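One-letter residues, chain by chain:
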Amino acid sequence: MQRKFPRQQRARATVEAILQAAAQLLTDLGFEALTTARVAERAGVSVGSLYQYFPNKQALAAAMIDYYAEKLSAAFVEAVEMRPYGSLEETIGAMIEVAMVAHPHDPKLHLALNELAPRYRAEKVREVGDRIAGIIEGQLARHRHEIAPDLDLGEAAALIETLLENVVHRAIERHPVSVRGERAIDQCGRMIMAYLTSTRRHAA
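Cut-offs used in this document
- Residues numbered from 1 in each chain as written.
- Predicted model: local features only at pLDDT ≥ 70, side-chain atom pairs only at ≥ 80, totals over all residues.
- Heavy atoms only, no water.
- Axes fitted to C-alpha atoms, helices over the stretch in contact; angles between N-to-C directions.
- Helix = DSSP H or I, 4+ residues; strand = E, 2+ residues; numbered from the N terminus.
- Parallel < 35°, antiparallel > 145°, perpendicular 65-115°, else oblique.
- Left-handed = near helix turned anticlockwise from the far one by under 90°.
- Contact = heavy atoms within 4.5 Å.
- Nonpolar A, V, L, I, M, F, W, Y, C, P; charged D, E, K, R; others polar.
- Expected span 1.5 Å × (residues − 1).
- Buried < 20%, exposed > 50% of the residue type's maximum accessible area, 1.4 Å probe, protein only.
- Salt bridge = Lys/Arg side-chain N within 4 Å of Asp/Glu carboxyl O.
- Phe/Tyr/Trp six-rings, centres within 6.5 Å; stacked < 30°, edge-to-face > 60°.
- Lys NZ or Arg CZ within 6 Å of the ring centre and 35° of its normal.

**A look at the packing of helix α1 (residues 9-29) against helix α2 (residues 36-43)**
Here is step 1: Where α1 contacts α2, the axes come no closer than 8 Å and their chain directions differ by 120°. If you check the angle between α1 and α2, you find them oblique. Here the hand of the crossing between α1 and α2 comes out right-handed. Every residue of α2 that contacts α1 at A17, I18, A21, A22, Q24, L25, D28 and L29 is listed here: R38, V39, R42 and A43.
Here is step 2: For the contact of α1 with α2, a count of residues per class yields eight nonpolar, one polar and three charged.

Right, dumping it as structure tokens:
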């Protein structure tokens, strides 16, 4: 785990430089070849400075996962919760767009972080996923009149969060050039809107 958390601006800048350097080396070399000495050299800090915050590369891995997960959460709050939209369709479009834009879009980094997360910060991934699902549920409640009446909003929010996460993962890993395209946002939006607005057909 991270040894201490930076409070001053200069210390925060140092930690961010270390995490960015670690992300670059994770992408270039892979986790097995990543060392604290290499990260310190890439970040332009002493190994001693790095050890003030991160005792080993496992702590660095956990911090990288935290860093990108919190960036996604903050972006989601800014783009969706702090800017309420007039219609359900606009709200869903904003959710999809921020999910695609806020993820780390270097496919190798994205894949590496996904591989490390279950080992080092599975609880963080769940925490951020639950947080985002809560935001989605709140936005769905604002548009309850546009949603099929038999749909449970909590279940719908959890499903949408899972769908966004998996769609973005696959898009980044397999189609990194077009992941931010309007067509991808439109196609995903159509799926979610169809799910939210269609009434269940009961068997005769």
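Still more ground to cover, so stick around.
**What about helix α5 (residues 88-102)?**
Here is step 1: Taking 1.5 Å of rise per residue, 15 residues should cover 21 Å, and α5 covers 21 Å from first to last C-alpha, within 8% of that figure.
Here is step 2: For α5, the set of buried residues is L88, T91, I92, A94, M95, I96, V98, A99, M100 and A102.

**Digging into the pattern of salt bridges**
Here is step 1: Inspection of every chain in the model, using the stated rule, returns eight salt bridges.
Here is step 2: We note a salt bridge from R121 to E123, for which the minimum N-O separation is 2.4 Å.
Here is step 3: R121 sits in the buried class, given a relative accessible area of 11%.
Here is step 4: A salt bridge links E127 to K124; the shortest N-O distance between them is 3.6 Å. Highlighted residues: E127 and K124, both in helix α7 (residues 122-142), separated by three residues, approximately one helical turn.
Here is step 5: The class of E127 is partly exposed, set by a relative accessible area of 39%.

**As for the packing of aromatic side chains**
The relative placement of two aromatic rings is captured by the distance of their centres and the angle of their planes.
Here is step 1: Tallied over the full model, the rule gives three aromatic pairs.
Here is step 2: An angle of 50° between the planes, with centres 5.7 Å apart, marks the rings of F31 and Y120 as tilted. Note that F31 is positioned in the loop between α1 and α2 and Y120 in helix α6 (residues 107-120), a separation of 89 residues in sequence.
Here is step 3: What makes F31 buried here is its relative accessible area of 9%.
Here is step 4: Accessibility expressed as a relative area gives 23% for Y120, which makes it partly exposed.
Here is step 5: Centroid distance Y53 to F54: 6.5 Å. Interplanar angle 50°. Geometry classified as tilted. Just as Y53 is buried, F54 falls in that class too.
Here is step 6: Positioned above the aromatic ring of F31 is the side chain of K57, whose terminal nitrogen or guanidinium carbon lies 4.6 Å from the ring centre.

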